[in-house]
Amino acid sequence: MRIEKNLPQFKNQRSLIVVSGRQEAILYLVENGKIWEKQKIQVEDPGYTDKEGFFKTSTKSEGTMKAGSIYKEKISNHLTKKFLNKFQEEVKNIIVKSKVKGIYLFCPDY
């Protein structure tokens, strides 16, 4: 694939372009007006777990009390950490192997 003429051509400078979302990223190598897709990183959402919520019943002298709440640990936080660890490892490998001089990151503001 070629980079459009009105965009930077990265002449004699191998760079890494990272396009990222919350649980996925695509890494591109660019140099001298050409672009190559190097790697896709993705962490799948497992869906439901065995710890979806909490419910408790207790009996007191005056009657039965019931309480419930959502599961404390946020599953999305776990997925984000898993994604960031995988992302960090893959980017380090590409930087070392491909001798990257610059990195450009495109991601949402969150």
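The preceding data block contains the structure.
Residues numbered from 1 in each chain as written. Predicted model: local features only at pLDDT ≥ 70, side-chain atom pairs only at ≥ 80, totals over all residues. Heavy atoms only, no water.

Chemist: Looking at this structure, I do not really get the pattern of salt bridges. What am I missing?
Modeler: A side chain of one charge can pair with a side chain of the opposite charge if their charged atoms are brought near each other. Tallied over the full model, the rule gives one salt bridge. Among the ionic pairs, Glu31 bridges to Arg14, the shortest N-O distance being 3.0 Å. Here Glu31 is found in strand 2 (residues 24-31), whereas its partner Arg14 is found in the segment before strand 1 (15-20), with 17 residues between them in sequence. (Salt bridge = Lys/Arg side-chain N within 4 Å of Asp/Glu carboxyl O. Helix = DSSP H or I, 4+ residues; strand = E, 2+ residues; numbered from the N terminus.)

Chemist: Whenever I open this one, the sheet that holds strand 6 (residues 102-106) confuses me. Can you help?
Modeler: Hydrogen bonds along the backbone pair up the strands of a sheet, which may run parallel or antiparallel. A sheet is described by the order of its strands in space; here four strands give the open sequence 3-2-1-6, paired in mixed fashion. Of all the strands in the sheet, the pair left with one neighbour each is strand 3 (34-42) and strand 6. For this sheet, the mean inter-axis angle between neighbouring strands, taken without regard to orientation, is 20 degrees. Bridging between strand 2 and strand 3 involves eight bridges; their strand directions are antiparallel. If you follow Glu31 over to strand 3, its bridge partner there is Lys34. (Pairing = 2+ DSSP bridges. Axes fitted to C-alpha atoms, helices over the stretch in contact; angles between N-to-C directions.)

Chemist: Sorry, what's going on with unusual backbone geometry here?
Modeler: Working note: non-glycine residues mostly have negative phi, and peptide bonds are mostly trans. Phi is positive for Asn12, close to 55 degrees, though the residue is something other than glycine. In this structure, Asn12 sits in the segment before strand 1. Given a relative accessible area of 71%, Asn12 falls into the exposed group. Non-glycine residue Asn32 carries a positive phi angle of around 50 degrees. Position of Asn32 among the secondary structure elements: in the loop between strand 2 and strand 3. (Buried < 20%, exposed > 50% of the residue type's maximum accessible area, 1.4 Å probe, protein only.)

Chemist: Any chance you could explain the pairing of strand 2 here in plain terms?
Modeler: Remark: a regular strand shows side chains that alternate across the two faces of the sheet. In terms of residue burial, strand 2 counts as a mostly covered element, since six of its eight residues are buried. Across six bridges, the pairing between strand 1 and strand 2 is antiparallel. Across the sheet, the residue bridging to Ser20 is Ala25, located in strand 2. Hairpin connection of strand 1 to strand 2: three residues between the antiparallel strands.

Chemist: Is there a simple way to think about the pairing of strand 1 in this case?
Modeler: Among the six residues of strand 1, five are classified as buried, and the element is accordingly described as predominantly covered. Of the strand pairs in this sheet, strand 1 and strand 6 are connected by five bridges, and their pairing is parallel. The partner of Leu16 across the bridge, within strand 6, is Ile103.

Chemist: Is there a simple way to explain the environment of Lys5 in this structure?
Modeler: Counting through the fold element by element, Lys5 comes out in the segment before strand 1. The exposed category is assigned to Lys5, whose relative accessible area is 78%. Taking the C-alpha atoms as reference points, Lys5 and Gly33, 28 residues apart in sequence, are found 8.1 Å from one another.

Chemist: Is there a simple way to explain the packing of aromatic side chains in this structure?
Modeler: Both the distance between ring centres and the angle between the ring planes are used here to describe each pair of aromatic rings. Per the counting criterion, the structure on display carries two aromatic pairs. The interplanar angle of 70 degrees and the centroid separation of 5.4 Å between the aromatic rings of Phe10 and Tyr104 together place this pair among those described as edge-to-face. Linking Phe10 in the segment before strand 1 with Tyr104 in strand 6, this pair joins segments that are 94 residues apart in sequence. A relative accessible area of 11% places Phe10 in the buried class. (Phe/Tyr/Trp six-rings, centres within 6.5 Å; stacked < 30°, edge-to-face > 60°.)

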